[in-house]
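# An overview of the molecular structure
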Amino acid sequence: MHLSTHNWMRAEPLETTVRRIKQYGYESIEISGEPDQYNTIETRALLKETGMRCWGAVTLTLGDRNLAAKDEGQRARSVEYVKSVITMVSELEGEIVTLVPATVGKVVPDGTLEEEWGWVVEATKECFAHAQSRGVKIAVEPLNRFETYLFNRCAQALALAGAVSPDCGVCLDAFHLNIEEADIYDAIRLAGDRLFDFHVADNNRFAAGLGHLDWPRIVSTLKEIGYDGALTNEFVAPVDRTPAAMYPDMVETDPVDISPEQLKFIQDHGSSLLTEKFYADQMRITAETLLPLMK
């Protein structure tokens, strides 16, 4: 196992992120799924120069992006978006695309159970075929019920992966597991050798170590199943707008390098643009919590 991180949680140049996480012991990055934001030649050069690597990317399934959409044109555009993320990861010599199939924040279905299952399986198969042609793995990620109605538990993600291909896997996220699974550790065991990626944030979605999740047991269970991928940091710190705020200076007032879609995505998660100091502290705390357990 190695330590990785997403970068969509703060608006800043990628070089700033990469140089910061390097000093804390991170080995890779799971880059934001917005291919238009990155020149892959320049990004690959940056990673090589800093001794880092691209682990993969996560699809930012926002707006009209939805592989389970009723509208055929919408599904087709969503497939093309996922393919563009896969191509970016391939060009960055990454290994994995974490796929969130349905629109984040959408909690009302477009059709019957049978209709939606058919739509999402067909669309995911097309994405998977492109991933295979580019040497990239696909991992279906379930989110909690307040972010999507379609895939909330490991078993559901495995059902889609199984309908697509024996070589399609899943990604689990400790924050979502804590909400949706009866037993976090049994869910990890259920994924078994089809667990391709693992995202980390504590139960309160701050950095690992700032909540009540049992990280020694989580990492031990990952070792038990033979997981050898990344633990990818994905804290989405909730902003406290009351006088009870523990971190009154956490919100950035002068953001750079962020699209309106990404900003909406962050704000829809109850978070906001984070100051560099707060963000760096969260990165450091995750590393201090997890790296000793991964040895």
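Quick note: structure is the one above.
Attention here is on the structure that accompanies the text. All of these numbers come straight from a predicted model, not from anything done at the bench.

## Comments concerning the environment of Arg10
With respect to the helices, strands and loops of the structure, Arg10 is situated in the loop between strand 1 (2–5) and helix 1 (14–24). Beyond its immediate stretch of four places on either side in the chain, Arg10 contacts Arg20, Glu252, Leu274, Thr275, Glu276 and Tyr279. A distance of 2.6 Å separates polar atoms of two side chains, one belonging to Arg10 and the other to Glu12.

## Topic: the nonpolar core
Core analysis: the largest hydrophobic core is formed by 89 residues, its most contacted members being Ile188, Leu195, Phe198, Ile218, Leu231 and Leu290. Looking at this core, the element that brings in the most residues is helix 3 (residues 72–91), giving 7 residues. Beyond its immediate sequence surroundings of up to four residues, Leu290 is in contact with Leu3, Val200, Ala208, Trp215, Val219 and Leu231.

## A word on helix 4 (residues 113–134)
Taking 1.5 Å per residue as the helical rise, helix 4 with its 22 residues ought to reach 32 Å, and the 32 Å between its terminal C-alpha atoms agrees with that figure. Along helix 4, the residues classified as buried are Glu116, Trp119, Val120, Val121, Ala123, Thr124, Cys127, Phe128, His130 and Ala131. The inward-facing, buried residues of helix 4 contact helix 3, strand 4 (96–99), strand 5 (137–140) and helix 5 (154–164).

## Some thoughts on the sheet that holds strand 3 (residues 53–59)
If you walk across this open sheet you meet the 8 strands as 1-8-7-6-5-4-3-2, and the pairing is parallel. One side of each edge strand has no neighbouring strand; the edge strands of this open sheet are strand 1 and strand 2 (28–33). Each strand axis lies, on average, 30° off the axis of its neighbour in the sheet, ignoring direction. Pairing of strand 4 with strand 5, which is carried by 4 bridges, proceeds in the parallel orientation. Residue pairing for strand 5: Ile96 is matched across the bridge by Lys137.

## Re the packing of helix 3 against helix 4
Contact geometry for helix 3 and helix 4: axes closest at 9 Å, N-to-C directions at 25°. One finds that helix 3 runs roughly parallel with respect to helix 4. With respect to the hand of their crossing, helix 3 and helix 4 are arranged in right-handed fashion. Here Arg75, Val79, Glu80, Val82, Lys83, Ile86, Thr87, Ser90 and Glu91 of helix 3 lie close against helix 4, whose contacting residues are Trp119, Glu122, Ala123, Glu126, Cys127, His130, Ala131 and Arg134.

## A few points about the packing of aromatic side chains
Under the defined criterion, the tally for this structure stands at 5 aromatic pairs. Consider the rings of Phe206 and Tyr247, whose centres lie 5.6 Å apart with planes at 45°: the pair is tilted. Taken as a pair, Phe206 in the loop between strand 7 (195–200) and helix 8 (215–224) and Tyr247 in the loop between strand 8 (230–233) and helix 9 (260–268) lie far apart in primary sequence, 41 residues in all. Assessed through its relative accessible area of 6%, Phe206 is described here as buried. Measuring from centroid to centroid gives 6.4 Å for Phe206 and Phe278, while their planes differ by 70°, and the two rings are edge-to-face. Taken together, the residues Phe206 in the loop between strand 7 and helix 8 and Phe278 in helix 10 (residues 276–294) connect sequence positions 72 residues apart. Directly above the ring of Tyr81 sits Arg65, whose terminal nitrogen or CZ lies 3.7 Å from the centroid. Above the ring of Phe196, the side-chain terminus of Lys137 is found at 5.1 Å from the ring centroid.

## Section: the pairing of strand 2
Burial analysis of strand 2 places 6 of its 6 residues in the buried class, which makes it a mostly covered element. In terms of strand pairing, strand 2 meets strand 3 through 6 bridges, oriented parallel. By the bridge assignment, Glu30 is partnered in strand 3 with Gly56. Of the crossover connections in this fold, the one passing from strand 2 over helix 2 (residues 40–50) to the parallel strand 3 is right-handed.

So, how was this worked out
- Residues numbered from 1 in each chain as written.
- Predicted model: local features only at pLDDT ≥ 70, side-chain atom pairs only at ≥ 80, totals over all residues.
- Heavy atoms only, no water.
- Helix = DSSP H or I, 4+ residues; strand = E, 2+ residues; numbered from the N terminus.
- Contact = heavy atoms within 4.5 Å.
- Polar contact = N/O pair within 3.5 Å; in protein donor to acceptor, adjacent residues only side chain to side chain.
- Core = buried A, V, L, I, M, F, W, Y, C linked by side-chain atoms within 4.5 Å.
- Buried < 20%, exposed > 50% of the residue type's maximum accessible area, 1.4 Å probe, protein only.
- Expected span 1.5 Å × (residues − 1).
- Pairing = 2+ DSSP bridges.
- Axes fitted to C-alpha atoms, helices over the stretch in contact; angles between N-to-C directions.
- Parallel < 35°, antiparallel > 145°, perpendicular 65-115°, else oblique.
- Left-handed = near helix turned anticlockwise from the far one by under 90°.
- Phe/Tyr/Trp six-rings, centres within 6.5 Å; stacked < 30°, edge-to-face > 60°.
- Lys NZ or Arg CZ within 6 Å of the ring centre and 35° of its normal.
- Right-handed = clockwise from strand over helix to strand, strands pointing away.

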